[in-house]
Amino acid sequence: MNILAIETSCDETAVAVIKINDSYKTDITAKNFSPKTLSSVISSQIDIHAKYGGVVPEVASRAHLDNIDYVVEEALTHANLGDSLFKSFDQIDAIGVTHGPGLLGSLMVGVSYAKALAFSLGIPYIGVNHLEGHLVASFLDRENPPELPALVLLVSGGHTILLNMTELGQYHLIAQTVDDAAGEAFDKIARYLDLGFPGGPAIDKAAMHGDDKKIRFPRAEIKNSLDLSFSGLKTAVIRYAKDNLEVSTEDISAGFQKAVVDMLLSRITAAIKVYNPKTLIIGGGVAANSLLRTAVASVAEEFSLEPMIPMKKDCTDNAAMIGAVAGFRIIKDGPGKMTDSVYSTLPLQYVNS
Ligand code: KG4
Ligand code: ZN
């Protein structure tokens, strides 16, 4: 089964073609799920938004509208399904699209396009939760699917969630942020330090030239909970930077990044002891962070877990991960409805809530 997947929830217009293995249809368990990326194309709007210091929703929607046709064509061409666009469309069995969470105007472009395409080709449509995309990204293009249960840390610009995945679609919430998301904290600190947009990669780079022992920023703990909080850290860093103009942005970035990674690591370590996972997965844009990647690899080694650290390009938003979710959801739950809408907030469905 070939899925054409579309992702337009924020500032990347992304389209992918994903092949779902037939064996998953006969036994719908995660151990049989091996989606393959036939193509994955991303048209980034970073340069357009950089001059405003952040994503401008109206500008993002218009850019998606300008780009989407071209990106779909590129993805189909790279997937090599036929020698013309029409023959390639013939090989597509379903259309999957992110329907939330995200910027409404941006989501509407992808969802309207996906519905129209599915209708005209006479094939099923399915709306996908973007967060589930980040969770399932680690199943793509592997010889053997990750062993479950897996402890998954999803750290992106809008979310910070730690959960236990016992099966595809079976998520047990362990902890989440009570205020800012980890990526949001990176972006806000970078903006304050004038390091540019997006902030995560800029802080990551600056921190490489800084001393992470020079300033010890506070690590927030929440009583009787593994939940996280980054807003106090953000205020502490901004106040410190304001009062200590002689200290380099490199040292401040290194101290801030170390505090974020320490907080995430303390939750991961505590959760491993409780949930006894076989695999440790990280996903979302902040999973591209160099220090977090090294720290997660060493904690996985310490507890003899299989680490699933996607390549940096697969951590940030892409449509391949949306295609993987569309594939298992359509087989497990059936197609979505044409009356489907777009959702600015769309929580994951947890088993324990
Ligand atoms: O997953 P993503 O592309 O979009 C959302 O779904 O939010 O994540 C974007 C976030 C941004 O906050 C960005 O600053 C952060 O991921 N990010 C990083 C790094 N690369 C991207 N944060 C820390 N270090 C990085 N290397
Ligand atoms: Zn994302």
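Computed from a prediction, not measured in an experiment: that's the story for all the values here.

**Comments concerning the overall build of the chain**
- Within the chain one finds 13 helices and ten strands.
- Computed over the C-alpha atoms, the radius of gyration of the chain is 20 Å, within 12% of the 20 Å expected from 2.2 N^0.38 for a compact globule of 353 residues.
- With the principal axes as the frame, the chain shows a C-alpha extent of 60 × 45 × 35 Å.
- The proportion of buried residues among the 353 residues of the chain is 54%.
- With an accessible surface of roughly 15400 Å², the chain has 53% of that area assigned to carbon and sulfur atoms.
- Within the chain, the 41 negative side-chain charges are centred at a point lying 5 Å from the centre of the 30 positive side-chain charges.

**Some thoughts on the sheet that holds strand β3 (residues 36-44)**
- Spatially, the five strands line up as an open sheet ordered β3-β2-β1-β4-β5, and their pairing is mixed. With one partner strand each, in any of the chains shown, β3 and β5 (125-129) form the two edges of the open sheet. In this sheet, adjacent strand axes meet at a mean angle of 20° when their direction is disregarded.
- Pairing of strand β1 (residues 2-7) with strand β2 (residues 12-19), which is carried by six bridges, proceeds in the antiparallel orientation. Looking at β2, one finds that E7 is bridged to A14.
- The strands that helix α3 (residues 57-79) touches are β1, β2 and β3; relative to β2, the one it contacts most, it runs at about 25°.
- Along the sheet, helix α5 (residues 104-121) makes contact with β1, β4 (94-100) and β5, crossing β4 at roughly 160°.

**Quick notes on the nonpolar core**
- Counting residues in each nonpolar core, the largest one holds 44 residues, and the members touching the most others are F230, L233, F256, I268 and L292.
- Of all the secondary-structure elements, those providing two or more residues to this core are β6 (150-155), β8 (170-176), α7 (182-192), α9 (231-243), α10 (249-275), β9 (279-283) and α11 (290-302).
- Ranked by the residues each element gives to this core, the list is headed by α10, at eleven residues.
- Setting aside anything within four residues of it in sequence, one finds F256 in contact with A185, F186, I189, I203, F217, L233 and V237.
- With 41 residues, the next largest nonpolar core counts A16, Y24, L163 and M165 among its residues.

**Structural notes on the coordination of the zinc ion (ligand 2)**
- Around the zinc ion (ligand 2), the protein supplies H130 (NE2), H134 (NE2) and D317 (OD) as donor atoms, at distances of 2.0 to 2.1 Å.
- Read in sequence order, the donor residues for the zinc ion (ligand 2) give the motif H-x3-H-x182-D. One end of the pair, H130, is in helix α6 (residues 130-136); the other, D317, is in the loop between α12 (312-315) and α13 (320-333), and 187 residues separate them in sequence.
- On the basis of relative accessibility, which here comes to 7%, the residue H130 falls in the buried class.
- Since its relative accessible area comes to 17%, D317 is described here as buried.

**Digging into the packing of aromatic side chains**
- Counted according to the given criterion, the structure contains five aromatic pairs.
- Aromatic side chains F33 and F139 sit 6.0 Å apart centroid to centroid with 50° between the ring planes, which places their arrangement in the tilted category. In this pair, F33 sits in the loop between α1 (23-26) and β3 while F139 sits in the loop between α6 and β6, placing the two residues 106 residues apart along the sequence.
- Pairwise contacts between aromatic rings join Y24, F33, F139 and F328 into one cluster.

**A word on the pattern of salt bridges**
- Following the criterion strictly, the structure yields 14 salt bridges and no others.
- Measuring nitrogen to oxygen at the nearest pair gives 3.1 Å for the salt bridge that ties E306 to R142. One end of the pair, E306, is in strand β10 (residues 306-308); the other, R142, is in the loop between α6 and β6, and 164 residues separate them in sequence.
- The network of salt bridges with common partners includes D180, E184, K188 and K234.

**Brief notes about the site of ligand 1**
- Residues in contact with ligand 1 amount to 19 residues; listed here are only the nearest, G157, D187, G200, D204 and G285.
- The contact in question runs from an oxygen atom of ligand 1 to an N or O atom on the backbone of G157, over 2.8 Å.
- Side-chain polar atom of N289 to a nitrogen atom of ligand 1: 3.1 Å apart, as the coordinates give it.
- For ligand 1, the protein covers 86% of the area, taking 560 Å² as the surface of the free molecule.
- At the level of secondary structure, the elements contributing two or more residues to the shell around ligand 1 comprise α6, α7 and α8 (199-208).
- In terms of residues, the shell around ligand 1 owes the most to one element, α8, which gives four residues.
- For the shell around ligand 1, the per-class residue count stands at four nonpolar, twelve polar and three charged.

**Some details on the pairing of β4**
- β4 sits mainly inside the fold: seven of its seven residues count as buried.
- With four bridges joining them, β1 and β4 adopt parallel strand pairing. For L4, the partnering residue across the bridge sits in β4 and is I95.
- Bridge count for β4 against β5 is five bridges, and the pairing is parallel. Bridging from a neighbouring strand, V97 pairs with G127 of β5.

**As for the pairing of β8**
- Two strands pair when backbone bridges link them, and strand β7 (residues 160-167) and β8 are joined in this way by six bridges, in the antiparallel orientation. Residue pairing for β8: I161 is matched across the bridge by Q176.
- Between β7 and β8, which pair antiparallel and follow one another directly, the connecting turn spans two residues, one of which, G169, has a positive phi of 85°.

Cut-off values and rules
- Residues numbered from 1 in each chain as written.
- Chains lettered and ligands numbered in written order.
- Predicted model: local features only at pLDDT ≥ 70, side-chain atom pairs only at ≥ 80, totals over all residues.
- Heavy atoms only, no water.
- Helix = DSSP H or I, 4+ residues; strand = E, 2+ residues; numbered from the N terminus.
- Rg over C-alpha atoms; globule rule 2.2 N^0.38 Å.
- Buried < 20%, exposed > 50% of the residue type's maximum accessible area, 1.4 Å probe, protein only.
- Areas by Shrake-Rupley, 256 points an atom, 1.4 Å probe, with all protein chains shown as cover.
- Lys, Arg positive; Asp, Glu negative; His and termini not counted.
- Charge placed at Lys NZ, Arg CZ, Asp CG, Glu CD.
- Pairing = 2+ DSSP bridges.
- Axes fitted to C-alpha atoms, helices over the stretch in contact; angles between N-to-C directions.
- Contact = heavy atoms within 4.5 Å.
- Core = buried A, V, L, I, M, F, W, Y, C linked by side-chain atoms within 4.5 Å.
- Donors = N, O, S within 2.8 Å, 3.2 Å for Na, K, Ca; no water.
- Phe/Tyr/Trp six-rings, centres within 6.5 Å; stacked < 30°, edge-to-face > 60°.
- Salt bridge = Lys/Arg side-chain N within 4 Å of Asp/Glu carboxyl O.
- Near = heavy atom within 4 Å.
- Polar contact = N/O pair within 3.5 Å; in protein donor to acceptor, adjacent residues only side chain to side chain.
- Nonpolar A, V, L, I, M, F, W, Y, C, P; charged D, E, K, R; others polar.

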